[in-house]
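# Summary of structural features
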Amino acid sequence: MERNEINLSDRIYCMDCMDLFSQIPDGYVSMILSDPPYGISYQNNFTNAKHQVLDGDGGIDYELFAHESYRILKADAHAYFFTRFDCYPYHYECLKQAGFTIKNCMVVEKGTVGGIGDLQGSYANNAEWVIFCQKGRRLFNHTTLMQNRKKEGMKFHAGRELSKKYKTRFNACWFGVEYPKATYNSVWQKQNGIYHPTIKNVEFLSWLIQISSQPQELVFDGFMGTGSTALAAILTKRRYLGAEINQGYYETAVRRIREIQKQDSC
């Protein structure tokens, strides 16, 4: 497939992310927000309706993925990569070697408590880990996502700027009612007829997109799943591009996008 034959805006392709990379020019996307397979062959055995094992979850070439992600990202841009505690050291090193400046590891409350592993001898997994990177340096946007607790115009410390109405800097740990959850729970999935073992909350993704990109900029997700990143981009007036290798999840993503576009046009 020639590069000029592929539409590189507002599209999800049913293909391997690594194949899509070869079609994307250097410095083409403005933000990356992605949840790559961890190589753990995830399957929740504690629900009545079991999810299928994720395609690619036997492991990907994460070193290549990191290098390609860095290549397609514009200078002075942000990237977010979901990870796990046991994959974090390897993912961190790959992203660092690719050229990223790694600023934080965010820890974000899930919409449900994980139910796999040693149920009697290990702590329950109730959080998502997200590696926050920069290519060059980009400042956070000033958003209206969360109001400061102190009244606007107050002075926190001598020599500091007066307080603003809305937060301009967020914590690395997002827990509690102030913050959106990272994932949807099984009740939400059943109510909406959308099933995926690691489905992300559109509101949460939209917060990251608003903090780290501008309207009409292009957000990339190489592992779209059921399309949550694309929906978050649409709702925040950004463009999106990505891939999903599983035909069923791809079709769900396309359906969700059509539904939200139809609502937006009404």
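Below or above, wherever it landed, is the structure these notes cover. Since this is a predicted model, take the numbers as computed values, not measurements. (Residues numbered from 1 in each chain as written. Predicted model: local features only at pLDDT ≥ 70, side-chain atom pairs only at ≥ 80, totals over all residues. Heavy atoms only, no water.)

## Observations concerning the packing of aromatic side chains
For any pair of aromatic rings, the description consists of the separation of the ring centres together with the inter-plane angle of the planes. As a reminder of what qualifies: Aromatic pairs are defined between Phe, Tyr and Trp rings, using the six-membered ring for Trp, whenever the two ring centres lie within 6.5 Å; interplanar angles under 30 degrees are classed as stacked, those over 60 as edge-to-face, and all others as tilted. Numbering of helices and strands runs from the N terminus, with a helix taken as a DSSP run of H or I at least four residues long and a strand as a DSSP run of E at least two residues long. Each residue is assigned to one of three classes by its accessible area relative to the maximum for its type, calculated with a 1.4 Å probe on protein chains only: buried under 20%, partly exposed between the two thresholds, exposed over 50%.
What the rule picks out here adds up to 19 aromatic pairs. Taking 5.6 Å as the distance between ring centres and 40 degrees as the angle between the ring planes, the aromatic pair formed by Phe21 and Phe220 counts as tilted. Placement of the pair is Phe21 in helix 1 (residues 17-21) and Phe220 in strand 7 (residues 218-221), with a sequence separation of 199 residues. Residue Phe220 is classed as buried on the basis of its relative accessible area of 0%. Judged by centre distance (5.8 Å) and plane angle (70 degrees), the rings of Tyr88 and Trp129 are edge-to-face.

## Digging into the pattern of salt bridges
Threshold: By definition here, a salt bridge exists when the distance from a side-chain nitrogen of Lys or Arg to a carboxyl oxygen of Asp or Glu is within 4 Å.
All told, the structure shown has eight salt bridges when counted by the stated rule. Across the pair Arg71 and Glu68 runs a salt bridge, and its minimum N-O distance is 3.0 Å. Here the residue Arg71 and the residue Glu68 both occupy positions in helix 2 (residues 62-72), the gap between them amounting to three residues, near one helical turn. Residue class for Arg71 comes out partly exposed when judged on its relative accessible area of 22%. A relative accessible area of 17% means that Glu68 is categorised as buried. Between Glu109 and Lys181 there is a salt bridge, with the nearest N and O atoms lying 3.8 Å from each other. With Glu109 in strand 4 (residues 101-109) and Lys181 in the loop between strand 6 (173-174) and helix 4 (186-192), this residue pair connects regions lying 72 residues apart in the sequence. Lys181 sits in the partly exposed class, given a relative accessible area of 28%. Linked through salt bridges whose partners overlap, the residues forming this network are Asp26, Glu68 and Arg71.

## Some words on helix 3 (residues 88-98)
Turn by turn, an α-helix covers 3.6 residues, leaving residues three or four places apart pointing in a common direction. Cut-off, in case you're wondering: Note: the arc covers the axis-to-C-beta directions of the helix. Working rule for contacts: check all heavy atoms of both residues, and any pair within 4.5 Å makes them a contact.
Buried within helix 3 are the following residues: His91, Cys94, Leu95 and Ala98. Buried residues of helix 3 fall within an arc of 95 degrees about the axis and therefore sit on the same side. Looking at helix 3, the residues exposed on the side facing more than 90 degrees away from the buried face are Pro89 and Gln97. Looking at the buried side of helix 3, the elements it contacts are helix 2, strand 3 (73-83), strand 4 and strand 5 (127-135).

## Quick look at the packing of helix 6 (residues 228-235) against helix 7 (residues 247-265)
Just so we agree on the cut-off: For helices, the fitted line uses only the C-alpha atoms of the stretch in contact; every axis is such a line through C-alpha atoms, and the angle between N-to-C directions lies from 0 to 180 degrees. By definition in this entry, angles of less than 35 degrees are roughly parallel, angles greater than 145 are roughly antiparallel, angles of 65 to 115 are roughly perpendicular, and the rest are oblique. We call a crossing left-handed when the near helix sits turned anticlockwise from the far one by less than a right angle, and right-handed when that turn is clockwise. In this count, Pro and Cys sit with the nonpolar residues alongside Ala, Val, Leu, Ile, Met, Phe, Trp and Tyr, while Asp, Glu, Lys and Arg are called charged and the others, Gly among them, polar.
Orientation of helix 6 relative to helix 7, taken along the N-to-C sense of each, is 15 degrees, at an axis distance of 9 Å. When the axes of helix 6 and helix 7 are compared, the pair comes out roughly parallel. The two elements helix 6 and helix 7 meet at a crossing, and its hand is right-handed. Contacts between helix 6 and helix 7 involve Ser228, Ala230, Leu231, Ile234 and Leu235 from the former and Arg256, Ile257, Ile260 and Gln261 from the latter. A class-by-class count of the residues in the contact of helix 6 with helix 7 yields six nonpolar, two polar and one charged.

## Observations regarding helix 5 (residues 202-212)
Threshold: Pairs of N or O atoms within 3.5 Å make up the polar contacts considered here, provided that, within protein, one atom can donate a hydrogen while the other can accept it, and that residues adjacent in sequence are counted only when both atoms are side-chain atoms.
For helix 5, the tally of buried residues reaches nine of 11 residues, placing the bulk of the element in the interior. All of the buried residues along helix 5 are Val202, Phe204, Leu205, Ser206, Trp207, Leu208, Ile209, Ile211 and Ser212. The backbone nitrogen of Glu203 lies 2.9 Å from a side-chain oxygen of the residue at the head of helix 5, namely Asn201.

## Description of the sheet that holds strand 6
The pairing of strands in a sheet happens through backbone hydrogen bonds and is either parallel or antiparallel. The criterion, for reference: If DSSP finds at least two bridges between two strands, the strands pair.
As summarised here, the arrangement of the eight strands in space is 1-8-7-2-3-5-4-6, forming an open sheet in which the pairing is mixed. With one partner strand each, in any of the chains shown, strand 1 (11-13) and strand 6 form the two edges of the open sheet. Taken together, the three bridges between strand 1 and strand 8 (residues 239-243) define a ladder with parallel strand orientation. The residue of strand 8 that forms the bridge with Arg11 is Leu241. Against the sheet, helix 2 makes contact with strand 2 (29-34), strand 3, strand 5 and strand 7, and its axis sits at roughly 145 degrees relative to strand 3, the strand it touches most.

## Here we look at the nonpolar core
As a reminder, the rule being used: In plain words, nonpolar cores are sets of buried Ala, Val, Leu, Ile, Met, Phe, Trp, Tyr and Cys residues tied together by side-chain atoms within 4.5 Å.
Counting 41 residues, the largest nonpolar core has Leu33, Tyr80 and Trp174 as the members making the most contacts within it. For this core, the elements supplying multiple residues, two or more each, are strand 2, strand 3, strand 4, strand 5, helix 5, helix 6 and helix 7. Sequence-distant contacts of Tyr80, defined by excluding residues within four places in its chain, comprise Met31, Ile32, Leu33, Ser34, Met106, Val130, Ile131, Phe132, Phe140, Leu208, Ile211 and Ser212. Within the second largest apolar cluster, 29 residues are counted, among which are Ile24, Phe65, Ile102 and Ile131.

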